[in-house]
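# Coordinate analysis (summary)
Here's the letter readout for the chains.
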Amino acid sequence: MEHRYNASLRKDLKLLQNAIRKNNRVVCVELQERYQVFLPSSLVTSEELASIHKEDAFSLMLMPEDIPANLKPRKVLGDGNCLFNAGSVCVVGNESLAVLLRLLTAAELFLQQNFYADHPR
């Protein structure tokens, strides 16, 4: 089931890319609405994350001492999608939402481009 979901999601990511190129807001809104429902209603807790996702020992050695002790670096796949992989780990404790987060982020940035372009720094 998950393979079929990911294949559909990747196909729709290409559809979104083409819609953005063609400035087709309707398709972007449809895709955003279709996939927002797959976001979880709650986030994984730091305690749950500690038990299900591997801590990055090397990065831990590089962290400044003033970082709160409950914040620990986690390993994610470094495949060019590491921002979305890390976001997915923070949300659900694994990298399963990375493609979904990429699609929703791209749709959001396109649909709200005026807001983000003029957003105060």
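### A look at unusual backbone geometry
Backbone geometry places asparagine 23, a non-glycine residue, at a positive phi of 60°. Here asparagine 23 lies in the loop between helix H1 (2–21) and helix H2 (25–36).

### Regarding the environment of leucine 77
Its location among the elements puts leucine 77 in the loop between helix H4 (57–62) and helix H5 (82–92). The exposure class of leucine 77 is partly exposed, given its relative accessible area of 47%. In the structure, leucine 77 is positioned 18 residues away from glutamate 95 in sequence and 8.2 Å away in space, judged by C-alpha atoms. Dropping the residues within four chain positions of it, leucine 77 is found in contact with Cys82, Asn85 and Glu95.

### Structural notes on the nonpolar core
In this structure, Leu9, Leu16, Cys28, Tyr35, Leu100 and Leu103 are the most contacted members of the largest nonpolar core, which totals 20 residues. Of all the secondary-structure elements, those providing two or more residues to this core are H1, H2, H5 and helix H6 (98–111).

### Some words on the packing of H5 against H6
At a minimum axis distance of 8 Å, the contact between H5 and H6 shows a crossing angle of 110°. Our classification of the angle between H5 and H6 gives roughly perpendicular. When the axes of H5 and H6 are compared, the crossing they make is right-handed. Contact with H5, carried on its side by Phe84, Asn85, Gly87 and Ser88, involves Ala98, Leu101, Arg102 and Thr105 of H6 and no other residues of that element.

### Quick notes on H6
For H6, with 14 residues, the first-to-last C-alpha span of 20 Å sits near the 20 Å given by 1.5 Å per residue. Of all the positions in H6, only Ala98, Val99, Leu100, Leu101, Leu103, Leu104, Ala107, Phe110 and Leu111 are classed as buried.

### Points about the packing of aromatic side chains
Taken as a whole, this structure holds 2 aromatic pairs when the rule is applied. For the pair tyrosine 35 and phenylalanine 38, a centre-to-centre distance of 5.8 Å together with 40° between the ring planes defines the contact as tilted. Here tyrosine 35 falls in the buried class, since its relative accessible area comes to 3%. When its relative accessible area of 42% is taken as the criterion, phenylalanine 38 is described as partly exposed. A centroid spacing of 5.1 Å and a plane angle of 80° characterise the contact between phenylalanine 115 and tyrosine 116, whose relative ring orientation is edge-to-face. Among the residues examined, tyrosine 116 registers a relative accessible area of 35% and is labelled partly exposed.

### Quick word on the packing of H2 against H6
One way to put it is that H2 packs onto H6 with a least axis distance of 10 Å and a crossing angle of 140°. Accordingly, the angle class assigned to the pair H2 and H6 is oblique. In this structure, the crossing between H2 and H6 has a hand that is left-handed. Judged by residue contacts, Arg25, Cys28, Val29, Leu31, Gln32, Tyr35 and Gln36 of H2 engage Leu100, Leu103, Leu104, Ala107, Glu108, Phe110 and Leu111 from H6. Partitioning the contact of H2 with H6 into residue classes produces 10 nonpolar, 2 polar and 2 charged.

Criteria and thresholds
- Residue positions are given per chain, counting from 1 as you read along its sequence in written order.
- Local features are withheld for residues below a pLDDT of 70 in this predicted model, meaning they are given only at 70 or higher, and side-chain atom pairs are given and counted only at 80 or more; totals for whole chains, interfaces and linings count all residues.
- Each side-chain value is worked out from all heavy atoms of the structure, with water and hydrogens disregarded.
- Comment: elements are numbered from the N terminus, with helices defined as DSSP H or I runs of at least four residues and strands as E runs of at least two.
- Exposure categories follow from relative accessible area, calculated using a 1.4 Å probe and restricted to protein chains: below 20% of the type maximum is buried, above 50% is exposed, and the middle band is partly exposed.
- Any pair of residues with heavy atoms lying within 4.5 Å of one another is described as a contacting pair.
- Only buried residues count toward a nonpolar core, which is a set of Ala, Val, Leu, Ile, Met, Phe, Trp, Tyr and Cys residues joined through side-chain atoms within 4.5 Å.
- Whenever a helix is involved, its axis is fitted only over the stretch in contact; in every case the axis is a line through C-alpha atoms, and angles between N-to-C directions fall within 0 to 180 degrees.
- Throughout this description, any angle smaller than 35 degrees is read as roughly parallel, any larger than 145 degrees as roughly antiparallel, any in the 65 to 115 degree range as roughly perpendicular, and the remainder as oblique.
- When the near helix sits turned anticlockwise from the far one by under a right angle, the crossing is termed left-handed; a clockwise turn instead gives a right-handed crossing.
- Any helix carries an expected span of 1.5 Å times its number of residues minus one.
- Pairs were defined over the aromatic rings of Phe, Tyr and Trp, the Trp ring being its six-membered one, requiring ring centres within 6.5 Å. Orientation was assigned from the angle between planes: stacked under 30 degrees, edge-to-face over 60, tilted for the rest.
- Under the grouping applied here, Gly and all other residues not named as nonpolar or charged are polar, the nonpolar ones being Ala, Val, Leu, Ile, Met, Phe, Trp, Tyr, Cys and Pro and the charged ones Asp, Glu, Lys and Arg.

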